[in-house]
Amino acid sequence: MPKLNELTLLDAQAKLKAGEITSVELTKSCLEAIEKIEPELHAFVTVFRDDAMDSAKLADKNIQSGVWTFDTHPLAGIPLALKDNFLTKGGRTTASSKVLDEFISTYDATVTEKLRLAGAVIIGKTNMDAWAHGSSTETSDYGATHNPYDNNKLAGGSSGGSAAATSSDEVVAAIGSETAGSIRQPASWCGVVGMKPTYGRVSRYGVVAMGSSLDSPGPMTKTVADSALLLSIIAGHDPKDATSSSLPVPNYLEGLNKDVKGLKIGLPKEYFMSSSQPGINDLVKQAAKKLEKLGAILVEISLLDPKFSIADYTIIQRSEVSSNLARYTGVRYGHDRSFFGDEAKRRIMLGTYALSSGYYDAYYKKGESVRELLKQDFARVFESVDLIIAPTAPVTAMAVGSTAGESMFGELADVLVEASSLAGLTGINIPVGLLSGMPVGAQLIGPHFQEQQVLNTAYAYEQSTNWKENVWPTANSQQHTGDKI
Amino acid sequence: MIDTVSRKPLAARYSLICGAEIHVELKTKSKMFCGCKNDPFHADKPNIYTCPVCLGMPGALPVPNKQAIEDCILIGLALGCKIAKVSKFDRKHYFYPDLPKGYQISQYDEPFCFGGSVDTSFGPVRITRVHMEEDTAKLHHDSVDGKRVSLIDFNRSSVPLVEIVTEPDIHSPEQAKEFLKKVRDIIRTLGVSDCDMEKGSMRLEANISLALVGNDPRVVPPLPNYKVEVKNINSFRYFANSLTTEFTRHSEILDKGETPVQETRGYRSDINSTVSQRVKEEAADYRYFPDPDIPPIVISPDWVKAIATRLPELPSSKIDSLIALGIADSAAKIIVTNSGMLEFITQVKTLNPKYVQSAAKDIVNKKVDFVSMTPTDYIKSLESKSAGKITDEAILKPMIKQILKDNPSVVADYKAGKQNALGFFVGAVMRASSGKADAGITNTLLKDLLN
Amino acid sequence: MTKTTLTDNDFAKLVKQANLVLSGDEKSKIHAQLDEALSAVKVLDELDTTKVSQTTSASGLTNVFRDDVVTPSFSQAEALQNAKMTHNGYFIVPAIFEAMDN
């Protein structure tokens, strides 16, 4: 039997239900892993050691007495981590910025609340690029998160901590957030399943805002089935978030199936860039071929050149950032604005410029019009295909120190995910292989609110891989079968 | 123009051009973008009606109060405005400690209401727009440990605020007063705000400039190229006064061939003058953009119709209705400004119209507490004053006959033409009946029996 | 689009608008990086957007409201919990001299 912290969410759930393990044992196992790995990994900003043990004890009590069942509390006793931009009442929330170094949340994010209500044990808050500004965690004011596959490499970002913590089995699963790539990209660098739901599928209330029209909280897990389970729990309408969707939330786990016969999957030629790291395009095409063998139909498609989405995302995101960071003055909470790091200052400056009088039309307004073009581009493509497959990132995990000071690294690294984020679509990263020992991810992009289809296709791929072929490795070389139980 | 304080005429070669900006705090139960209680004026402690949203905490999100929006549209309708088909909220950015998010959620280019008009006896004042925004926190200054500080109370933060902006159609202090009173009365009648200047639920700002008057008074003067903003106006009277003092001040500057500085000035009632607050070198750049946290608002004709059913009769036609009931003009004018009084009279009319006039008199003379007494009880009290009255002639006649018999000399006086003898007999009947004899019937019977 | 570089004057104004304080070194570094970013986004000029309007809302929703109902607030202590300086239930800042009386 694997070590407890190496269990998938579904396996842990099954064993807890069967009484084979306790939450205290499971949580302890995670805390031990954290203690062992953290000095090198830096995936966490804050570990709620005592609170987690208390929650674990309470979970065990309630599970054993039958007060909690896995129907009413599907995450009963399961240790999860939250990216440090999710407010956790009574606990520190920093968004990895010194501005909020001493900030104790006075309320829970809706996602946090939902996890607690489901019985989860919140083990700690994971590292990120400060304010989610980045794709590496090198802009974190608390130091970068390293990659579980190679300690000299980065975890990616901005949800680098959540990706690394899941990949290294410090936790059973984690929650991240994506503005453009912040779930998918670190998932690809760390070899885990990273699910970016449709904008509005999961409530943003209580998540430190970066790009208000883009931010999408989502699960980061070891398997697709885990992702389906977590998504059902955190998704749903929130009266406190006026942009959250009222569409009912399916039971994604129950709806999970491997049938992709007849599914039309588009391969956008512009996304298989010649400038990408050699080997990435091939691995992703092989994954596509695997899906074809399972019955899917591959179609070559064309999308607007990704270079436009870099520029568009830069303008819109930085404009919203400059506005969303205006509240941090140190008067009601936190420190004053001199505590902002370089990256935050850069983004605030461009955003302020893009919104200023005389430039608004040329930048922000133009940006919103281009965004409309991107949306229409995808709408056109989805008339002829059901899903899109492409590489998630143009490179595998980069070396520690290689991205610091690059003034537009974040936006450049996310070239392949920005368009779908701007259009509000859903996407998932699935590990499809290793290049020089470092994970490569493919992304499946789906139309609005087609998470089930995206999950199913990912599941079909995941279930068809043979662990002996080493296509689905984890940092601990432990294979997850990811079977639905 | 006449100086309202000195009553002396002012320079006839300039005309006054003034626009007003009125802010009205709505009295909804909860705040504009969150469920905190909307009651900043009566809060007994600072910072007790706050939450992540109105404190501008990380991760908080605004959700608009539907009632507030409908109240705003209602005000727009009552001021003759057109209602937008599509509207939105925008972020207006500036840094100040009373603005927790570093931006105010307001409306920029798609306000809920626009293009209205309010009549005055001096001519119409056009309403440019009526829009919604959130109020700021309250700052006040103090000394703590010897240092000057500003103390901030967020109870008021994010209270719903309606902003009414007029075209520069106000040309005299008298017109200003009439206009402001009218707007206040209209809004009070709607029941959406107390419009209390002292409590701050109504705030005024003036935009003032002068222009040359052409020889032909019918020629509208061209708009000048400066504008002075006047704030800190705490009453309609002070608004009018500020127009007068600014008129004089600008005239003196313009006479010298100079242009008054474009700036913000504060009105000071102690010196009846304005004082420079800061120079507006250029318009502030608020970096407006549509608030991505709040989906746009589509206002259907059906929705506007539903809101319009709340439009009550407006004050002047209400005054006419009361006068038609026999209520004095002066009393009617007082009653229409108070929805409690008006409601009382309306109910009295429904219960028993013959008591409407006395109800009006009693309310205006504060002889009845219409807040704690119901119209039904009021009518009962009137009736019991006349209740227990002896109206039966079978009882009164013998009583009267006896009195006449006992007072032959007074009977002789009456017959000799002394009319006040009648009063003597009425008094005697009252005494004999312990005040219960019905005065009217007694009078009639006396006259019959004496003749 | 207009510029890809900012004058020092424009840059200084922008720093003030953004309510940031930059050291001398930071100023030149960030100025250069800002110019770099502006060059990078110039590519949007190549796209013809005359026939499209702005995205009106990312969520595609309209008319999302709340009812006028009072819900629980923070206690005063909770509201003040994270402030470095408070006084008698108030938040404090050093005195603001141009009192914008509301």
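For clarity, every value in this text was computed on a predicted model and none was experimentally measured.

Within chain A, the secondary structure is distributed over 14 helices and 13 strands. The C-alpha radius of gyration computed for chain A amounts to 21 Å, which stays within 12% of the reference 23 Å derived for 485 residues, consistent with globular compactness. Reported as C-alpha extents along the three principal axes, the dimensions of chain A are approximately 65 × 60 × 45 Å. For chain A, the residues scored as buried account for 67% of the 485 residues in total. Of the contacts formed within chain A by residues at least 6 apart in sequence, a portion of 76% connects residues at least 24 apart.

The subject of this paragraph is the overall build of chain C. Per the secondary structure count, chain C includes three helices and two strands. Ordered by position in the sequence, the α and β elements of chain C form the string α-α-α-β-β. In chain C, which comprises 102 residues, the proportion classed as buried is 26%.

Residues and elements named next belong to chain A. Given a rise of 1.5 Å per residue, 14 residues ought to cover 20 Å, and the 20 Å separating the end C-alpha atoms of helix α8 (residues 280-293) matches this to within 8%. Every buried residue of α8 is listed here: I280, L283, V284, A287, A288 and L291. Projected down its long axis, α8 shows its buried positions confined to an angular sector of 145°, all on one face. When the buried face of α8 is taken as reference, the exposed residues oriented beyond 90 degrees from it are K289 and K293. Phi for G295, located one or two positions after α8, is positive at around 120°.

Attention now goes to the nonpolar core. The biggest cluster of nonpolar side chains holds 262 residues, and the ones touching the most others in it are A:L80, A:I123, A:A458 and B:V130. Apart from the residues lying within four places of it in its own chain, the contact partners of A:A458 are A:V193, A:V224, A:I428, A:I430 and A:L444. One finds B:I327, B:V348, B:V368 and B:F370 within the second-largest nonpolar core, a separate group that totals 15 residues.

Another point: the interface of chain A and chain C. Taken together, the contacts link 44 residues of chain A with 35 residues of chain C. Contributions of two or more residues to the side of chain A that touches chain C are made by α9 (306-324), α10 (342-355) and α11 (361-381) of chain A. Top contributing element to the side of chain A that touches chain C by residue count: α11(A), with 10 residues. Along the lines of polarity and charge, the residues of the side of chain A that touches chain C split into 19 nonpolar, 13 polar and 12 charged.

Here the focus is the packing of α10(A) against helix α2 (residues 24-41) of chain C. It is the contact of α10(A) with α2(C), at a shortest axis distance of 10 Å, that shows an interaxial angle of 55°. Between α10(A) and α2(C), the interaxial angle falls into the category oblique. In this structure, the crossing between α10(A) and α2(C) has a hand that is right-handed. Contacts from A:K345, A:R346, A:M349 and A:L350 of α10(A) reach α2(C) at C:I30, C:Q33, C:L34 and C:A37. Its residues assigned to classes, the contact of α10(A) with α2(C) shows five nonpolar, one polar and two charged.

A few words on the interface of chain B and chain A. Between chain B and chain A, the residue contacts involve 23 residues of the former and 31 residues of the latter. Of the residues that constitute the side of chain B that touches chain A, the class distribution is 14 nonpolar, four polar and five charged.

It is worth spelling out the environment of C:P72 at this point. For C:P72, the position within the fold is in the loop between α2 and α3 (76-80). The sequence separation of C:P72 and C:H87 amounts to 15 residues, and the corresponding C-alpha distance is 24 Å.

Let us look at unusual backbone geometry. Across the junction of A:G157 and A:S158, the peptide omega takes the value 10°, indicating a cis bond. Note on placement: A:S158 falls in the loop between β5 (150-154) and α5 (160-167). Of note, the phi angle at A:A95 is positive, near 55°, even though the residue is not glycine. Along the chain, the position of A:A95 falls in the loop between β2 (79-83) and α4 (110-117). For A:A95, a count of 32 C-beta atoms within 10 Å puts it in the buried group. Look at B:S158: it is not a glycine, yet its phi comes out positive at around 75°.

All names here are of chain B. The antiparallel open sheet is built from three strands, whose spatial order is β5-β4-β15. Of all the strands in the sheet, the pair left with one neighbour each is β5 (103-106) and β15 (289-290). With two bridges joining them, strand β4 (residues 90-93) and β15 adopt antiparallel strand pairing. Pairing of D90 across the sheet is with P290, part of β15.

Our focus in this paragraph is α11(A). Residues that lie three or four places apart on an α-helix share one face, since the helix turns once every 3.6 residues. Helix length check: α11(A) (21 residues) gives 29 Å between terminal C-alpha atoms against 30 Å at 1.5 Å per residue, within 8%. Where α11(A) is buried, its residues contact α9, α10 and α13 (418-422) of chain A together with β15 of chain B.

Now for the confidence of the model for chain C. Residues and elements named next belong to chain C. The pLDDT averaged across chain C works out to 88; a share of 89% of its residues lies at or above 70. In the model of chain C, α2 stands out as the element of lowest mean pLDDT, 90, in contrast to α3, which has the highest, 98. Segment residues 98-102: pLDDT under 50, and seven contacts once partners within four positions in sequence are set aside and those in other chains are kept.

Moving on, we come to the environment of B:K367. One can find B:K367 in the loop between α8 (356-364) and α9 (375-385). C-alpha of B:K367 to C-alpha of B:K415: the two residues are 48 residues apart in sequence and 41 Å apart in space.

Another aspect to go through is the environment of C:I30. By the element assignment, C:I30 lies in helix α2. When the C-alpha atoms of C:I30 and C:I92 are compared, they prove to be 32 Å apart, with 62 residues separating the residues in sequence. Discounting chain neighbours no more than four positions away, the residues touching C:I30 are A:K345, A:R346, A:M349 and C:L22.

Bringing the sheet that holds strand β1 (residues 86-87) of chain C into the picture now. An order of β8(B)-β9(B)-β2(C)-β1(C) is seen for the four strands of this open sheet, with the pairing classed as antiparallel. In the strand order of this sheet, the two ends are held by β8 (138-144) of chain B together with β1 of chain C, each with one partner. Bridge count for β8(B) against strand β9 (residues 147-153) of chain B is seven bridges, and the pairing is antiparallel. Directly across from B:V144, in β9(B), lies its bridge partner B:K147.

Residue and element names in this part refer to chain B. Burial within strand β10 (residues 160-166) is extensive, with five of its seven residues counted as buried. Examined bridge by bridge, strand β1 (residues 14-25) and β10 share five bridges and lie antiparallel to one another. When the sheet's bridge partners are listed, E25 is paired in β10 with L161. Across seven bridges, the pairing between strand β7 (residues 125-134) and β10 is antiparallel. In the sheet register, R129 faces β10, and the bridge partner there is V165.

Bringing the pairing of strand β12 (residues 426-435) of chain A into the picture now. Residue and element names in this part refer to chain A. Across the 10 residues of β12, eight count as buried, placing the element largely inside the fold. Taken together, the three bridges between strand β7 (residues 193-196) and β12 define a ladder with antiparallel strand orientation. Bridging from a neighbouring strand, K196 pairs with G427 of β12. Summarising the sheet, β12 and strand β13 (residues 438-446) pair through nine bridges and their orientation is antiparallel. Considered in β13, the bridge of G433 is made with V440. The loop that links β12 with its antiparallel partner β13 comprises two residues; one of these, S436, has a positive phi angle of about 50°.

Residues and elements named next belong to chain B. Axis separation between helix α7 (residues 339-351) and α9 bottoms out at 9 Å; the angle between their running directions is 60°. By the angle between their directions, the pair α7 and α9 is classed as oblique. In the crossing of α7 with α9, the sense of the turn from one axis to the other is right-handed. Facing F344, Q347, V348 and L351 of α7, the residues of α9 in contact are P375, T376, Y378 and I379. Along the lines of polarity and charge, the residues of the contact of α7 with α9 split into six nonpolar, two polar and no charged.

All names here are of chain A. When the pLDDT values of chain A are averaged, the result is 94; 96% of them are 70 or greater. The low-confidence segment residues 467-473, where pLDDT is below 50, has 13 contacts with residues more than four positions distant or belonging to other chains. When the criterion is pLDDT under 50, residues 477-485 qualifies, and its contacts beyond four places in sequence or with other chains add up to 21 contacts.

Quick notes on the rules
- Residues numbered from 1 in each chain as written.
- Chains lettered and ligands numbered in written order.
- Predicted model: local features only at pLDDT ≥ 70, side-chain atom pairs only at ≥ 80, totals over all residues.
- Helix = DSSP H or I, 4+ residues; strand = E, 2+ residues; numbered from the N terminus.
- Rg over C-alpha atoms; globule rule 2.2 N^0.38 Å.
- Buried ≥ 20, exposed ≤ 12 C-beta atoms within 10 Å, placed from the backbone.
- Contact = placed C-beta atoms within 7 Å.
- Expected span 1.5 Å × (residues − 1).
- Arc of directions from axis to C-beta.
- Core = buried A, V, L, I, M, F, W, Y, C linked by C-beta atoms within 7 Å.
- Nonpolar A, V, L, I, M, F, W, Y, C, P; charged D, E, K, R; others polar.
- Axes fitted to C-alpha atoms, helices over the stretch in contact; angles between N-to-C directions.
- Parallel < 35°, antiparallel > 145°, perpendicular 65-115°, else oblique.
- Left-handed = near helix turned anticlockwise from the far one by under 90°.
- Pairing = 2+ DSSP bridges.
- pLDDT = per-residue confidence, 0-100.

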